[in-house]
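Listed here are the chains, written in short residue letters.
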Amino acid sequence: MSAIADFQKHADLARLMKAAACNDFATIAELVSEGNIDLNATDAAGRSALLHAVETHSEEAALMLIHHKADVTVSRPPDYQTPLMLACQKGLQQLIERLVTVEAPLDTQSARDGDTALMKAIRQSDAWAACRLASAGADTDTIKNKNGDTAWTLAHKYLEAGEFNFFKAQVEKQRAKRAEAAAKELADNVRDATVLQN
């Protein structure tokens, strides 16, 4: 790569990071249309444009980056929080919905405290986000953070009674779905074993 091309690549990356942080989706669109930008490139601190957008509440920029296939599994050093975790901490509901829709990882844990995105939503007393993540299948019972709490135990601490009851209903629906899927899998395994024996 020539020195000029290398300089242009670095300049475009700097423009992308700034645009993401400033919610400048026009610049992001321009860079994407030029076709020479890697939306998943990271800056010197290891942060992608999507992480910059979420960290600075630049929801429209984040949505545009996701639309153009930015990596939603990326995590922020040094605590390795994902875009979904950050969106839950900041109460960015439209972004949370989009991240869930594109199947961002629900149960990744932060290196700092061991919290998942659901745990972070609960700590913010964001019942909508907690219910949305629970209904999407986020773990409520088995993953523990560094304090030994599950999302279920945190919900008891952080959600008000009415919010907790709504959350509980979503969790119970998911538990029923998982139990039904497990029963079906067991029945299929028994049927297959019976066929093999005959």
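Right above here is the structure, for reference.
The rules behind these values
- Residues numbered from 1 in each chain as written.
- Predicted model: local features only at pLDDT ≥ 70, side-chain atom pairs only at ≥ 80, totals over all residues.
- Heavy atoms only, no water.
- Helix = DSSP H or I, 4+ residues; strand = E, 2+ residues; numbered from the N terminus.
- Rg over C-alpha atoms; globule rule 2.2 N^0.38 Å.
- Buried < 20%, exposed > 50% of the residue type's maximum accessible area, 1.4 Å probe, protein only.
- Areas by Shrake-Rupley, 256 points an atom, 1.4 Å probe, with all protein chains shown as cover.
- Core = buried A, V, L, I, M, F, W, Y, C linked by side-chain atoms within 4.5 Å.
- Contact = heavy atoms within 4.5 Å.
- Salt bridge = Lys/Arg side-chain N within 4 Å of Asp/Glu carboxyl O.
- Phe/Tyr/Trp six-rings, centres within 6.5 Å; stacked < 30°, edge-to-face > 60°.
- Lys NZ or Arg CZ within 6 Å of the ring centre and 35° of its normal.

Caption draft 1: Just the overall build of the protein, in detail. Of regular secondary structure, the protein possesses 10 helices and 0 strands. For the protein, whose C-alpha radius of gyration is 21 Å, the value lies well above the compact-globule estimate of 16 Å for 198 residues. With respect to the principal axes defined by its C-alpha atoms, the protein has extents near 70 × 50 × 30 Å. Here the protein holds 198 residues, and 41% of them are scored as buried. Within the structure as shown, the protein displays about 10,500 Å² of accessible surface, and the carbon and sulfur contribution to it stands at 54%.

Caption draft 2: Main features of the nonpolar core. With 56 residues, the main nonpolar core has Leu-16, Leu-65, Leu-95, Ile-122, Leu-133 and Phe-167 as its most contacted residues. Looking at this core element by element, the count peaks at 6 residues for helix H8 (residues 127–135). Among all residues touching Leu-16, those that are not within four sequence positions of it are Ile-28, Leu-31, Ile-37, Asp-38, Leu-39, Ala-49 and Leu-65.

Caption draft 3: Examining the pattern of salt bridges more closely. Following the criterion strictly, the structure yields 11 salt bridges and no others. The partner of Arg-15 in a salt bridge is Glu-30, with the nearest N and O atoms 3.1 Å apart. Residue Arg-15 is located in helix H1 (residues 3–21), and its partner Glu-30 is located in helix H2 (residues 25–34); the two are separated by 15 residues in the primary sequence. Residue classification places Arg-15 among the partly exposed positions, given a relative accessible area of 33%. For Glu-30, a relative accessible area of 36% gives the class partly exposed. Arg-112 is the partner of Asp-113 in a salt bridge, and the nearest nitrogen-oxygen pair spans 3.8 Å. Among the charged side chains, a salt-bridge network with shared partners connects Arg-47, Glu-55, Arg-76, Asp-79, Arg-112, Asp-113 and Lys-120.

Caption draft 4: Representation of the environment of Asp-115 within the structure. Among the secondary structure elements, Asp-115 is positioned in the loop between helix H6 (93–101) and helix H7 (117–123). Judged by relative accessible area, Asp-115 falls into the buried class, the value being 1%. With 60 residues separating them in the primary sequence, Asp-115 and Arg-175 have C-alpha atoms 21 Å apart. Beyond its immediate sequence surroundings of up to four residues, Asp-115 is in contact with Met-85, Thr-108, Gln-109, Ser-110, Lys-120, Arg-123, Asn-145 and Leu-154.

Caption draft 5: Fine view of the packing of aromatic side chains. Going through the model one piece at a time under the given rule, you end up with 2 aromatic pairs. An angle of 25 degrees between the planes, with centres 6.2 Å apart, marks the rings of Trp-152 and Phe-167 as stacked. Of this pair, Trp-152 sits in helix H9 (residues 151–158) while Phe-167 sits in helix H10 (residues 161–197); the two residues are 15 residues apart in sequence, bridging distant segments of the chain. When sorted by exposure, Trp-152 lands in the same class as Phe-167, which is buried. Taken together, Trp-152, Phe-164 and Phe-167 form an aromatic cluster joined through their ring pairs. Positioned above the aromatic ring of Trp-152, the side-chain terminus of Arg-175 is 4.5 Å from the ring centre.

Caption draft 6: Highlighting helix H5 (residues 83–90). Judged by how many residues are buried, H5 sits mostly within the fold: 6 of 8 residues are covered. If you check which residues of H5 are buried, you get Pro-83, Leu-84, Met-85, Leu-86, Ala-87 and Cys-88. On the buried face of H5, the contacting elements are helix H3 (49–55), H6, H7 and H8. Gly-91 sits one or two residues past H5 and shows a positive phi near 70 degrees.

Caption draft 7: Geometry of the environment of Glu-160. Topologically, Glu-160 is positioned in the loop between H9 and H10. The exposure class of Glu-160 is exposed, given its relative accessible area of 58%. C-alpha of Glu-160 to C-alpha of Ser-75: the two residues are 85 residues apart in sequence and 30 Å apart in space.

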